[in-house]
Amino acid sequence: MVVPANAALIGGLIEACHQAIAANADHLSELDRAIGDGDHGTNMRRGFEAVYAERDRLAHLPLPKALEEIGLTLVMSIGGAAGPLYGTLLMEIGRQMAGDADFARVLERAIDAVARRGRAGAGDKTLLDVLYPVHAEVVRRAGLTGIADEAERAASLTFGMKAMRGRAGFLGERSIGHIDPGAKSCALLTAAICRFLEEQGPA
């Protein structure tokens, strides 16, 4: 059977993200033990295993619908704060893509939805501190390698931030000196997506 290009794309992206989280789950939980509940890696692994288990079905959906379904699966399976935030991001990207071909605009609206859901903003030591710089790179039409590098750089900058939201927010100044686990998982996923798309070459 000939695999549709859309199915190959979606399936490949799911595989890349699943591998990135599986390989780094223990490290993410280690980061979370310093300023949170210590289960971010475990939760993220559970979420992406649930998505991976549905990869064949998801891969044959239109891309916007697949993203919505993946987001819903993450909400239902990750738990904690990360589930609703990642779920909101992907569901909103899917909904916006259905009616807008400008990905920078789509991503901006999705990030705004995440900010509203988490009642957070730039500098609050969350995954938004990766998403905003990534969006800026998309706006200026940076290459995929540049976007991945910026995501990693942005995650590392959360080391010097004081957490303002979630369990880490209760630590106040003691949250400074630790990388935010949500920012780190966001950077890992961004880099995995960029590497996969880079390997595919021009459409």
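Further up the page is the structure itself.
So, here's what we can say about the structure. The structure presented is a predicted model; accordingly, all values stated were derived computationally and were not measured. (Residues numbered from 1 in each chain as written. Predicted model: local features only at pLDDT ≥ 70, side-chain atom pairs only at ≥ 80, totals over all residues. Heavy atoms only, no water.)

1. Concerning the pattern of salt bridges
Inspection of the entire model under this criterion finds 10 salt bridges. Among the ionic pairs, Lys 65 bridges to Glu 69, the shortest N-O distance being 3.6 Å. A residue pair is termed a helical-turn pair when its members lie 3 or 4 positions apart in one helix, as Lys 65 and Glu 69 do in helix α4 (residues 63-78) at 4 residues. The partner of Glu 92 in a salt bridge is Arg 95, and the shortest N-O contact between them spans 3.4 Å. With Glu 92 and Arg 95 both in helix α5 (residues 82-97), this residue pair falls 3 residues apart, about one helical turn. Salt bridges linked by common partners bring Glu 54, Arg 57, Lys 65 and Glu 69 together as one network. (Salt bridge = Lys/Arg side-chain N within 4 Å of Asp/Glu carboxyl O. Helix = DSSP H or I, 4+ residues; strand = E, 2+ residues; numbered from the N terminus.)

2. Let's talk about the packing of helix α2 (residues 40-53) against α4
The geometry of α2 relative to α4 is characterised by a closest axis approach of 8 Å and an angle of 135° between their N-to-C directions. Put simply, α2 runs oblique to α4. The interaxial crossing formed by α2 with α4 has right-handed handedness. When α2 is examined against α4, the residues Asn 43, Met 44, Arg 46, Gly 47, Phe 48, Ala 50 and Val 51 are found in contact with a partner set consisting of Ile 70, Thr 73, Leu 74, Ser 77 and Ile 78. Of the residues assigned to the contact of α2 with α4, the class counts are 7 nonpolar, 4 polar and 1 charged. (Axes fitted to C-alpha atoms, helices over the stretch in contact; angles between N-to-C directions. Parallel < 35°, antiparallel > 145°, perpendicular 65-115°, else oblique. Left-handed = near helix turned anticlockwise from the far one by under 90°. Contact = heavy atoms within 4.5 Å. Nonpolar A, V, L, I, M, F, W, Y, C, P; charged D, E, K, R; others polar.)

3. A few points about α2
Look at α2: 20 Å from first C-alpha to last across 14 residues, which is about the 20 Å you get at 1.5 Å a residue. For α2, every residue scored as buried is listed here: His 40, Gly 41, Asn 43, Met 44, Gly 47, Phe 48 and Val 51. An end-on view of α2 places all buried positions within 165° of arc, on one side of the element. (Expected span 1.5 Å × (residues − 1). Buried < 20%, exposed > 50% of the residue type's maximum accessible area, 1.4 Å probe, protein only. Arc of directions from axis to C-beta.)

4. So, the nonpolar core
Counting 50 residues, the largest nonpolar core has Met 44, Leu 74, Tyr 86 and Val 130 as its most contacted members. The contact partners of Met 44, leaving out residues within four places of it in the chain, are Ile 21, Ile 78, Ala 82, Tyr 86, Ser 185 and Leu 189. If you look at the next biggest cluster of nonpolar residues, it comprises 5 residues, including Leu 13, Ala 16, Ala 192 and Phe 196. (Core = buried A, V, L, I, M, F, W, Y, C linked by side-chain atoms within 4.5 Å.)

5. Side note on the side chain of Ser 185
Among the structural elements, Ser 185 can be located in helix α10 (residues 181-200). Overall, the relative accessible area of 0% leaves Ser 185 in the buried class. Side-chain polar atoms of Ser 185 contact the side chain of His 40, separated by 2.9 Å. Here Gly 182 takes part through its backbone oxygen, which lies 3.0 Å from a polar atom of the side chain of Ser 185. (Polar contact = N/O pair within 3.5 Å; in protein donor to acceptor, adjacent residues only side chain to side chain.)

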